[in-house]
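Here is what each chain is made of, one letter per residue.
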Amino acid sequence: MTSNNRPYGKPLIGTSWKMNKTNQEALTYLQRLQERLKDRSGASVFILPPFSALSETQRFLQESDSPILFGSQNVHWDDAGAFTGEVSAPMLKEIGCQFVEINHQERRRWFSETNETANWKIHAVLRNNMSPIICLGEEKRETWDLTEAFLRYQLLQLLAGLEPAAAANIILAYEPLWAIGAAEAASPAHVAQVHALLRRLLTEKYGITVAQAIPLLYGGSVNRQNAAELSLLPEVDGLFVGRAALEPDGLADLVELALQAPSAASSIA
Ligand SMILES: O=C(CO)COP(=O)(O)O
């Protein structure tokens, strides 16, 4: 089973601007990023602006016929209703979002996101023909046995009720809490071990074809120093970046570094 019309290949590299950038700042960023990436093919690049900058982002990318992809950082699980302050998946789809990020550690910490609410949101995103970028990861550095048990449990909770055809359209981002906003990323050895585990769990649940179609991104203190090494890891299909991509040249540099990694050449199944 393969997903249809997937607009991206490998490496898949993106950033969430988190709660940063006015519309004017978004435009300045996009103009520079577009300029830096215009002769650069081979990577798929995505941006997750705040809700307020999504329309401006869509307008700019459409008018400049840009291959840069975009999506939102959150969504409500219902398609409409009395949920003051929330934004629904049909609203995001209408303005051209391809992705919706779900279950980031900051949403869990500050806004009470749980595996259950994240699961409802994942279903809403897929029901509305977008791809959820599903964050997951342990909160503390633990023994491997505890880490494995945590990830197995969290993955199964997040993907509850998801059929293989739908699962082929998800993206997973391994982002351990202890590596986000930190001084150092997780070690390449740890990332390799976790990504191999995630691929194995996905294969057990959905079979090899679907499991291989799901991009596995790594996020947490990715920067110019570690991007190439992390991109080289066999089960790392891309990177998800915070601080180091808050400026367009930061993101463009990371794309170039990832493309220099020899394993970056193939496209995801
Ligand atoms: O939260 C992140 C990406 O979603 C990572 O943030 P940093 O790259 O700033 O650690």
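Before any of the text, the structure's been laid out above.
These numbers were taken from a predicted model, which means no experiment stands behind them.

Asks: Quick question: what am I supposed to make of the side chain of Lys21 here?
Replies: Along the polypeptide, Lys21 turns up in the loop between β1 (12-16) and α1 (23-37). Beyond its immediate chain neighbours, meaning those up to four positions away, Lys21 contacts Ala26, Tyr29, Pro50 and Leu246.

Asks: Please clarify how the layout of surface pockets should be interpreted in this entry.
Replies: Taking a probe equal in size to a water molecule and rolling it over the atoms shows the remaining empty space. In this structure, the largest pocket encloses a volume near 430 Å³. In this structure, the largest pocket is lined by 15 residues; those nearest its centre are Lys18, Met19, Gln73, Arg107 and Phe111. In terms of residue count, the dominant contributor to the lining of the largest pocket is helix α4 (residues 105-111) (four residues). A per-class count over the lining of the largest pocket returns six nonpolar, five polar and four charged.

Asks: What is the right way to look at the site of the ligand in this model?
Replies: Every residue close to the ligand is listed here: Lys18, His104, Glu175, Ala179, Ile180, Gly181, Gly220, Ser221, Phe240, Gly242 and Arg243. Within the contact set of the ligand, an oxygen atom lies 3.0 Å away from a side-chain nitrogen or oxygen of Glu175. In the model, an oxygen atom of the ligand is placed 2.8 Å from a nitrogen or oxygen of the Gly181 main chain. Grouping the amino acids of the shell around the ligand by side-chain chemistry returns three nonpolar, five polar and three charged.

Asks: Hey, could you run me through the packing of aromatic side chains in this one?
Replies: How two aromatic rings sit relative to each other is set out by the distance from centre to centre and by the angle between their planes. This model, assessed by the stated rule, comprises five aromatic pairs. Between Trp17 and Tyr29 the ring centres are 4.7 Å apart and the planes differ by 65 degrees, which places this aromatic pair in the edge-to-face class. Here Trp17, found in the loop between β1 and α1, pairs with Tyr29, found in helix α1; they are 12 residues apart in sequence, far enough to count as distant. The burial state of Trp17 is the same as that of Tyr29; both residues are buried. Ring centres of Phe46 and Phe240 lie 5.6 Å apart, and the angle between their planes is 45 degrees; on these two criteria the pair is classed as tilted. With Phe46 in strand β2 (residues 44-48) and Phe240 in strand β8 (residues 238-241), this pair connects stretches of sequence that are 194 residues apart. According to the relative accessible area criterion, Phe46 is buried, its value standing at 0%. An aromatic cluster is built from Phe46, Phe99 and Phe240, whose rings are joined through pairwise contacts. Its guanidinium or amino end placed over the ring of Trp17, Lys21 lies 5.7 Å from that ring's centre, counting from NZ or CZ.

Asks: Explain the packing of helix α5 (residues 115-127) against helix α6 (residues 144-158) here, please?
Replies: When two helices pack together, their arrangement is given by the angle between the helix axes and by the axis-to-axis distance. Their axes nearest at 8 Å, the elements α5 and α6 cross at an angle of 40 degrees. Comparing their axes, α6 and α5 come out oblique. Between α5 and α6, the contacting residues are Asn115, Ala118, Asn119 and Ile122 on the first element and Tyr153, Gln154, Gln157 and Leu158 on the second. Class assignment of the residues belonging to the contact of α5 with α6 gives a composition of four nonpolar, four polar and no charged.

Asks: Please clarify how the pattern of salt bridges should be interpreted in this entry.
Replies: Oppositely charged side chains are able to pair whenever their charged atoms sit close together. Tallied over the full model, the rule gives 17 salt bridges. Here Glu256 and Arg36 are joined by a salt bridge, their closest N and O atoms 3.6 Å apart. In this pair, Glu256 is assigned in helix α11 (residues 248-260) and Arg36 in helix α1, connecting sequence segments 220 residues apart. The partly exposed category is assigned to Glu256, whose relative accessible area is 26%. Taken together, the salt bridges that share partners define one network made up of Arg32, Arg36, Arg224, Asp249, Asp253 and Glu256.

Parameters at a glance
- Residues numbered from 1 in each chain as written.
- Predicted model: local features only at pLDDT ≥ 70, side-chain atom pairs only at ≥ 80, totals over all residues.
- Heavy atoms only, no water.
- Helix = DSSP H or I, 4+ residues; strand = E, 2+ residues; numbered from the N terminus.
- Contact = heavy atoms within 4.5 Å.
- 1 Å grid on protein atoms, 1.4 Å probe; cavity = no way out; pocket = protein on both sides within 12 Å on 5 of 7 lines; lining within 4 Å.
- Points joined across faces, edges and corners; volume = space filled by probe spheres on them.
- Nonpolar A, V, L, I, M, F, W, Y, C, P; charged D, E, K, R; others polar.
- Near = heavy atom within 4 Å.
- Polar contact = N/O pair within 3.5 Å; in protein donor to acceptor, adjacent residues only side chain to side chain.
- Phe/Tyr/Trp six-rings, centres within 6.5 Å; stacked < 30°, edge-to-face > 60°.
- Buried < 20%, exposed > 50% of the residue type's maximum accessible area, 1.4 Å probe, protein only.
- Lys NZ or Arg CZ within 6 Å of the ring centre and 35° of its normal.
- Axes fitted to C-alpha atoms, helices over the stretch in contact; angles between N-to-C directions.
- Parallel < 35°, antiparallel > 145°, perpendicular 65-115°, else oblique.
- Salt bridge = Lys/Arg side-chain N within 4 Å of Asp/Glu carboxyl O.

Geometry only, nothing functional implied.
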